[in-house]
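Inside the fold
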Amino acid sequence: MKPNKSVGIVGYGVYIPKYRIQNTEIARVWGNDPNLVPIREKSVPGSDEDSVTIAIEIARNALKRAGIEPKDLKAVWIGTESKPYAVKPTSTIVAEAIAATPFVNAADWEFACKAGSETVQACIAYVGSGMANYALGIGVDTAQGSPSDALEYTAAAGGAGYIIGSSKESLAVIESSVSYVTDTPDFWRRQHEHYPKHGNRFTGEPSYFKHVINCSEALMDELGTNPEDYDYAIFHQPNRKFPLEVAKILGFPKEKIMDGLISPYIGNTYAGSALLGLASVLDISKEGDRIFCTSYGSGAGSDSFSIEVTDKINDRRANAPSVKSYIERREEIDYARYARYRKKIRM
Amino acid sequence: MNVPRHWREQVRRYRLLGSKCCDCEEISFPYRLVCPKCRSRKCEDYALIGKGKILSFTDINSPPQEHKYNMPYAVALIGLVEGPIITAQITDARAEELEIGMDVEMVTRKIMEYNEDGIICYGYKFRPIVKYAHP
Ligand SMILES: [Zn+2]
């Protein structure tokens, strides 16, 4: 799917909270085998952080790279499943904080881990139709797994945002995108429940792999490309294993995956996951590099993007912190402090 | 829970929005209707860039109930680059990590929540500047 007007990424920004809990620490508390944990460590938000505050940091970093005025944004769209309010938009608080209000479209988007990439696709359409010069799409989460559940090892906090504008001003041009969704009951959370549930037998084959593979192949079919045409690929990262396996099935060699594979160090940031991986590739890419990116959200669906980097990356990259600098800004905490920060202890 | 009061102040707290005197250019935070230097009544909104230095700080170990989730935390007197001196909570660092003269930056964080069903108040805090280098 291509818009009428050619568009691209004018600026991008990321944020990851500084606290980390090691998977071996979670395994120690629940008596699980520390050798069988899925990743090394995951990010944990501080007690004064939530999806709003993380999105504000992301938006400010994206604006620094784009070099535009906040008032030029005609959309502030936030994809998240960890809204601080059940009713009251996250996006209006963020838009107000970055001074993009009041003539701006603000909305929260929902689709498990795919909520972020669909805001980016909507921004492509909003700018590509000529309705807006610039639009900001953010994927952010402070994900929680039920204590002792398998998801507790990976559910993490962080995100990334993309300001879409005309391709002439872009640091990377969006060549095309495709969406692929079906009704699949692999993961859900009902109203008023604190933690999500997952359908064990639906995790993996009929959900992640089916959607990521079909969506990715559809985009490559549309463009007449194949894995050899790309320098980097990013796939949604619920753990370390899945993106590596899906890349192998699609025919992307491991060396094209590793620069965008950050889940081993920060965990699964849900709506932020694929978008943070893409940002970590933009942090090191050069003019002419082609990047392939596919998200995945339970429920279920994928969005795929084909992106080509321009020479404008060189001037803008250094205007905000890289993914790596946030990964390296870390303070390890134990399960007790983690439980307190995540309000698992009621006062 | 005073929702109207928070709503009136929220934009200034989210963005660190102060005022600038149209006559003598004195910059103030919080916002002033009357310039503290020349008493002029012509003041306009002025967005501070959110950078400054720690002039003094203290460790808070017995905070009010609504800040208990954050304890222990530091409160600092910060000299902003534009001139005003403000008092703010420090986040992402404990008192033992701070020094007088340290460069800090503004960040918008959760200040307090009114129980489980009330509003969430966001506003400025400061933290040691996130250092970054690019490959
Ligand atoms: Zn004056």
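Bear in mind that the values here come from a model prediction, so they are computed numbers and not experimental data.

Concerning the nonpolar core
Residue and element names in this part refer to chain A. Of all hydrophobic cores here, the largest spans 78 residues; its most connected members are I9, L73, Y162, I163, I164, L282 and I291. When residues in this core are grouped by element, the largest group, nine residues, is from helix α2 (residues 51-66). Inspection of this core shows a minimum of three residues originating in each of domain 1 (7-171 + 315-341) and domain 2 (172-313). Not counting the four nearest positions on each side in its chain, I164 is found in contact with V7, G8, I9, V10, V120, C123, I124, V127, N133, Y134, A135 and I174.

As for the domain arrangement of chain A
Residue and element names in this part refer to chain A. Annotation of chain A at the domain level lists domain 1 (7-171 + 315-341) and domain 2 (172-313). On a C-alpha basis, the centroid separation for the pair domain 1 and domain 2 is 16 Å. Between domain 1 and domain 2, the contact holds 59 residues from the first and 50 residues from the second. Of the roughly 4,300 Å² buried at the junction of domain 1 and domain 2 (both faces included), carbon and sulfur atoms supply 61%. Its largest share of buried area at the contact with domain 2, domain 1 owes to C113, L171 and R317, together 16% of the area lost on that side. For the pair domain 1 and domain 2, the interface holds two salt bridges. For R65, the salt bridge goes to D283, with nearest N and O atoms at 3.9 Å. Counting the contacts that link domain 1 with domain 2 gives 29 residue pairs in polar contact (both at pLDDT 80 or more).

Considerations on helix α1 (residues 23-30) of chain A
For α1 of chain A, the full list of buried residues reads N23, E25, I26 and A27 of chain A. Just beyond α1 of chain A, the residue with positive phi is G31 of chain A, at close to 70°.

Focus: the interface of chain A and chain B
In this assembly, 38 residues from chain A lie in contact with 31 residues from chain B. Together chain A and chain B conceal approximately 2,900 Å² of surface at their shared face, both sides included; 48% is due to carbon and sulfur atoms. Put simply, chain A and chain B have nine salt bridges between them. E96 of chain A is the partner of R15 of chain B in a salt bridge, and the nearest nitrogen-oxygen pair spans 3.3 Å. Run the count over chain A and chain B and you get 22 residue pairs in polar contact (both at pLDDT 80 or more). Secondary structure elements with two or more residues in the side of chain A that touches chain B: α2, α3 (90-97), α10 (323-328) and α11 (335-341) of chain A. Of all the elements, α2 of chain A adds the most residues to the side of chain A that touches chain B, at six residues.

Focus: the coordination of the zinc ion
Residues and elements named next belong to chain B. All of the protein donors around the zinc ion are C21 (SG), C24 (SG), C35 (SG) and C38 (SG); their distances to the metal are 2.3 to 2.4 Å. Coordination at the zinc ion is tetrahedral, judged from the four donor atoms that bind it and the angles of 105 to 112° they form at the metal. Read N to C, the donor residues that coordinate the zinc ion are spaced as C-x2-C-x10-C-x2-C. Separated by 14 residues along the polypeptide, C21 in strand β1 (residues 17-21) and C35 in the loop between β2 (27-28) and β3 (43-47) bring together distant segments of the chain. With respect to class, C21 is no different from C35; both count as buried.

Here we look at helix α5 (residues 205-223) of chain A
Residue and element names in this part refer to chain A. For α5, spanning 19 residues, the distance from its first C-alpha to its last is 26 Å, which sits close to the expected 27 Å at 1.5 Å a residue. For α5, the complete set of buried residues consists of S207, Y208, F209, H211, V212, I213, C215, S216, L219 and M220. Each element contacted by the buried residues of α5 is listed here: β8 (172-181), β11 (232-235), α6 (241-250), β12 (290-294) and β13 (301-309). Where α5 terminates, the next one or two residues include G224, which has phi positive at roughly 70°.

Some thoughts on the pairing of strand β4 (residues 51-60) of chain B
All names here are of chain B. As defined by bridge partners, β4 adjoins strand β7 (residues 103-113) across three bridges and the pair is classed as antiparallel. Of the residues in β7, the one forming a bridge with K53 is D103. Pairing of β4 with strand β5 (residues 73-80), which is carried by eight bridges, proceeds in the antiparallel orientation. Considered in β5, the bridge of S56 is made with L77.

Here's the deal with a negative patch on the surface
All names here are of chain A. Where like charges cluster on the molecular surface, the negative patch consists of E287, E308, D311 and D315. Along the chain, the position of D311 falls in the loop between β13 and α9 (313-316). Its relative accessible area of 40% is what places D311 among the partly exposed residues.

Remarks on the packing of α5 of chain A against α6 of chain A
All names here are of chain A. Where α5 meets α6, the axes come as close as 10 Å, and the angle between the chain directions of the two elements is 45°. Put simply, α5 runs oblique to α6. Considering only the axes of α5 and α6, their crossing is right-handed. Only F242, P243, E245, V246, I249 and L250 of α6 make contact with α5, whose side of the interface consists of Y208, F209, V212, I213, S216, E217 and M220. Counted by class, the contact of α5 with α6 contains 10 nonpolar, one polar and two charged residues.

Digging into the sheet that holds β12 of chain A
All names here are of chain A. Taking strand neighbours across the sheet as the criterion, the nine strands line up as β5-β4-β6-β7-β1-β8-β13-β12-β11 in an open arrangement whose pairing is mixed. Edge positions in the sheet fall to β5 (105-109) and β11, since each of these pairs with one other strand and no more. The sheet shows a mean angle of 20° between the axes of neighbouring strands, taken without regard to direction. Bridge count between strand β4 (residues 73-79) and strand β6 (residues 134-142): five bridges; the pairing is parallel. Of the residues in β6, the one forming a bridge with I78 is I138. Here α2 sits on the sheet in contact with β1 (7-15), β4, β6 and β7 (157-166), set at roughly 130° to β1. Packed onto the sheet, α5 meets β8, β11, β12 and β13 and runs at close to 130° relative to β8.

Let's talk about the layout of surface pockets
Approximately 1,600 Å³ is the volume found for the largest pocket. Along the wall of the largest pocket there are 44 residues; nearest its centre are E81, S82, K83, P84 and R189 of chain A. Secondary-structure elements contributing two or more residues to the lining of the largest pocket are β9 (187-188) of chain A together with β7 of chain B. Of the residues that constitute the lining of the largest pocket, the class distribution is 15 nonpolar, 13 polar and 16 charged. Each of two domains, domain 1 (7-171 + 315-341) and domain 2 (172-313) of chain A, supplies a minimum of three residues to the lining of the largest pocket. Looking at the second largest pocket, its volume works out to about 810 Å³. In terms of lining, the second largest pocket is formed by 28 residues, of which the most central are R60 and K64 of chain A together with L48, I49 and M106 of chain B. Residue assignment for the lining of the second largest pocket shows that the elements contributing at least two residues are α2 of chain A together with β7 of chain B. Here the lining of the second largest pocket takes five residues from α2 of chain A, the largest share from any one element. Considered class by class, the residues forming the lining of the second largest pocket number 17 nonpolar, two polar and nine charged.

Conventions used here
- Residues numbered from 1 in each chain as written.
- Chains lettered and ligands numbered in written order.
- Predicted model: local features only at pLDDT ≥ 70, side-chain atom pairs only at ≥ 80, totals over all residues.
- Heavy atoms only, no water.
- Core = buried A, V, L, I, M, F, W, Y, C linked by side-chain atoms within 4.5 Å.
- Buried < 20%, exposed > 50% of the residue type's maximum accessible area, 1.4 Å probe, protein only.
- Helix = DSSP H or I, 4+ residues; strand = E, 2+ residues; numbered from the N terminus.
- Domains from an automatic or database assignment.
- Contact = heavy atoms within 4.5 Å.
- Buried area = accessible area lost by both parts, 1.4 Å probe.
- Salt bridge = Lys/Arg side-chain N within 4 Å of Asp/Glu carboxyl O.
- Polar contact = N/O pair within 3.5 Å; in protein donor to acceptor, adjacent residues only side chain to side chain.
- Donors = N, O, S within 2.8 Å, 3.2 Å for Na, K, Ca; no water.
- Tetrahedral: all angles 85-135°; square planar, octahedral: opposite > 155°, others 65-115°.
- Expected span 1.5 Å × (residues − 1).
- Pairing = 2+ DSSP bridges.
- Patch = residues over 30% accessible without salt bridge, like charges linked within 9 Å, V, L, I, M, F, W, Y side chains within 5 Å.
- Areas by Shrake-Rupley, 256 points an atom, 1.4 Å probe, with all protein chains shown as cover.
- Lys, Arg positive; Asp, Glu negative; His and termini not counted.
- Charge placed at Lys NZ, Arg CZ, Asp CG, Glu CD.
- Axes fitted to C-alpha atoms, helices over the stretch in contact; angles between N-to-C directions.
- Parallel < 35°, antiparallel > 145°, perpendicular 65-115°, else oblique.
- Left-handed = near helix turned anticlockwise from the far one by under 90°.
- Nonpolar A, V, L, I, M, F, W, Y, C, P; charged D, E, K, R; others polar.
- 1 Å grid on protein atoms, 1.4 Å probe; cavity = no way out; pocket = protein on both sides within 12 Å on 5 of 7 lines; lining within 4 Å.
- Points joined across faces, edges and corners; volume = space filled by probe spheres on them.

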